[in-house]
Amino acid sequence: MDTVVSGIRSTGKLHLGNYFGALKNFVKMQNENHCYFFIADYHSLTTHPTPENLHENVKQVLAEYLACGIDPEVATVFLQSDIPEIPELYLLLNMNSYIGELERTTSFKDKVRLQPDNVNAGLLTYPVLMATDIIIHKASKVPVGKDQEQNLEMTRKFARRFNNMYKVDYFPEPTAYNFGETLVKIPGLDGSGKMGKSEGNAVYLTDSPGVIRKKVMKAVTDSGPTKMNQDPSEPIKNLFTIMQVVSEAQTFDYFKEQYKNCSIRYGDLKKQLAEDIIKFTDPLRTRFEELYSDNDYLGRIVNMGAEKARQSASQTLKEVREIIGFKKF
Ligand code: TRP
């Protein structure tokens, strides 16, 4: 059993790409490991410093994760901002993190370009806070996408540096959690590239049936196959990729065949795809709505999670303070 930490940014709703690209597998992961799932609400302040939607966003993400099957009785589910030991370890790690290495990280350079008027110190030390989230539970595995690999590399560096500086073998150096082959990259509805929030090509898990139909009917296609057995163009391939994960195998085969023999009507394909997405997301949305409107329940979940997470975090802090040399008189 590995200890796994997964942080979730609290800015933005989940789409089909998030689900099939990771979340779906979290359910299995939580049963096979000691999992900590938390909402990185401090991290969100590096890009969204004012509180307009802070609480609603946290609640949205929390309810979505629970709706997708994360089980707070099995895993530890908590909010980053509920754990005072996190800022404490973050402070200590900041003393051994160097401006040069932080300035060189890709995500920092990207953010400088994206928000030149708000290059705050939190952005610079984002990887230190992320490393804190992970090593505070002495985790050995972290499920990360490509965009987070460098941050995980930095986490290993900070863990290793701590061990070397204080001549201990205390923090494990965490590596990426490997889901095997089961992850599917979901493309967007705009003809090319993957589904993403900022691309505006996503179907959200909480979209209503009406919105889903509208989005799918507007998906980019082409002018249709002209030769038997021809390879589909990217926009059509993309629709088939989505169909493969949400529709029955029979449905998928039927439309594939129609494409091959050039009798396909994209309108029919899209109608079917929309209905199958709705069928798939419907139970998730229903569960989400129940959870979202049950403040008492959500409150109990995060309180329970904070208590569990703090047990592990405070143990680490106690040991770290001893290792660094803080002593009582
Ligand atoms: N940086 C991660 C992201 O943008 C979120 C995150 C914060 C995280 N702390 C973490 C992920 C710790 C894994 C572990 O997606």
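These numbers come from a predicted model, not from an experiment.

### Considerations on the domain arrangement of the protein chain
In terms of domain boundaries, the protein chain breaks down into domain 1 (3-184 + 295-324) and domain 2 (209-289). Summarising the inter-unit geometry, the C-alpha centres of domain 1 and domain 2 are found 35 Å apart. Across the boundary between the two partners, domain 1 contributes nine residues, which contact 10 residues of domain 2. Between domain 1 and domain 2 the total buried area reaches about 790 Å² when both faces are included, carbon and sulfur atoms providing 87% of it. In this structure, the connection of domain 1 to domain 2 is made through zero salt bridges. Taken together, the connections running from domain 1 to domain 2 amount to zero residue pairs in polar contact (both at pLDDT 80 or more). Of all the elements in the fold, those that place two or more residues in the side of domain 1 that touches domain 2 are α1 (16-32) and α3 (54-67).

### Quick look at the nonpolar core
Leu16, Phe240, Ile242 and Ile277 are the most contacted members of the largest nonpolar core, which totals 58 residues. When residues of this core are assigned to domains, at least three map to each of domain 1 (3-184 + 295-324) and domain 2 (209-289). Residue contacts for Ile277: discarding those within four places in its chain leaves Leu16, Val203, Ile212, Val216, Ile242 and Val246. Core analysis: the next-biggest nonpolar cluster, separate from the first, contains 36 residues, Tyr36, Leu89, Leu92 and Ala131 among them.

### Quick look at the packing of α1 against helix α13 (residues 266-292)
Running from N to C, α1 and α13 point in directions that differ by 75 degrees, and their axes come no closer than 12 Å. As the angle between them shows, α1 and α13 are arranged roughly perpendicular. Residue-level inspection shows Leu16, Tyr19 and Phe20 of α1 in contact with α13, the latter providing Ile277, Phe280, Thr281 and Leu284.

### Concerning the environment of Leu16
Mapping Leu16 onto the fold places it in helix α1. Spatially, the C-alpha atom of Leu16 lies 6.3 Å from that of Leu205, the residues being 189 residues apart in sequence. Excluding residues within four positions of it along the chain, Leu16 makes contact with Ile186, Met195, Val203, Leu205, Ile242, Ile277, Phe280 and Thr281.

### Focus: the site of the ligand
Taken together, Gly7, Arg9, Phe38, Ala40, His43, Tyr126, Met130, Asp133, Ile134, Val142 and Gln148 make up the full set of residues adjacent to the ligand. Taking Arg9, its side chain carries an N or O atom lying 2.7 Å from an oxygen atom of the ligand. Tyr126 is positioned such that a nitrogen or oxygen atom in its side chain is 2.7 Å from a nitrogen atom of the ligand. The fraction of the free accessible surface of the ligand (370 Å²) that becomes covered by protein chains is 94%. Contributions of two or more residues to the shell around the ligand are made by β1 (3-9), β2 (34-40) and α8 (126-135). In terms of residues, the shell around the ligand owes the most to one element, α8, which gives four residues.

### A word on the side chain of Ser97
Its location among the elements puts Ser97 in the loop between α4 (85-94) and α5 (99-103). Not counting the four nearest positions on each side in its chain, Ser97 is found in contact with Leu102, Val128, Phe158 and Arg161.

### Focus: the packing of aromatic side chains
The geometry of two aromatic rings is summed up by the distance between their centres and the angle between their planes. Taken as a whole and judged by the stated rule, the model has 16 aromatic pairs. Of the aromatic side chains, those joined through ring pairs into one cluster are Phe26, Phe37, Tyr177 and Phe179. Of note, Lys13 hangs over the ring of Tyr204, and the distance from its end group to the ring centre comes to 4.5 Å. Sitting over the ring of Tyr292, Lys59 keeps its end group 4.3 Å from the ring centre.

Scoring rules and cut-offs
- Residues numbered from 1 in each chain as written.
- Predicted model: local features only at pLDDT ≥ 70, side-chain atom pairs only at ≥ 80, totals over all residues.
- Heavy atoms only, no water.
- Domains from an automatic or database assignment.
- Contact = heavy atoms within 4.5 Å.
- Buried area = accessible area lost by both parts, 1.4 Å probe.
- Salt bridge = Lys/Arg side-chain N within 4 Å of Asp/Glu carboxyl O.
- Polar contact = N/O pair within 3.5 Å; in protein donor to acceptor, adjacent residues only side chain to side chain.
- Helix = DSSP H or I, 4+ residues; strand = E, 2+ residues; numbered from the N terminus.
- Core = buried A, V, L, I, M, F, W, Y, C linked by side-chain atoms within 4.5 Å.
- Buried < 20%, exposed > 50% of the residue type's maximum accessible area, 1.4 Å probe, protein only.
- Axes fitted to C-alpha atoms, helices over the stretch in contact; angles between N-to-C directions.
- Parallel < 35°, antiparallel > 145°, perpendicular 65-115°, else oblique.
- Near = heavy atom within 4 Å.
- Areas by Shrake-Rupley, 256 points an atom, 1.4 Å probe, with all protein chains shown as cover.
- Phe/Tyr/Trp six-rings, centres within 6.5 Å; stacked < 30°, edge-to-face > 60°.
- Lys NZ or Arg CZ within 6 Å of the ring centre and 35° of its normal.

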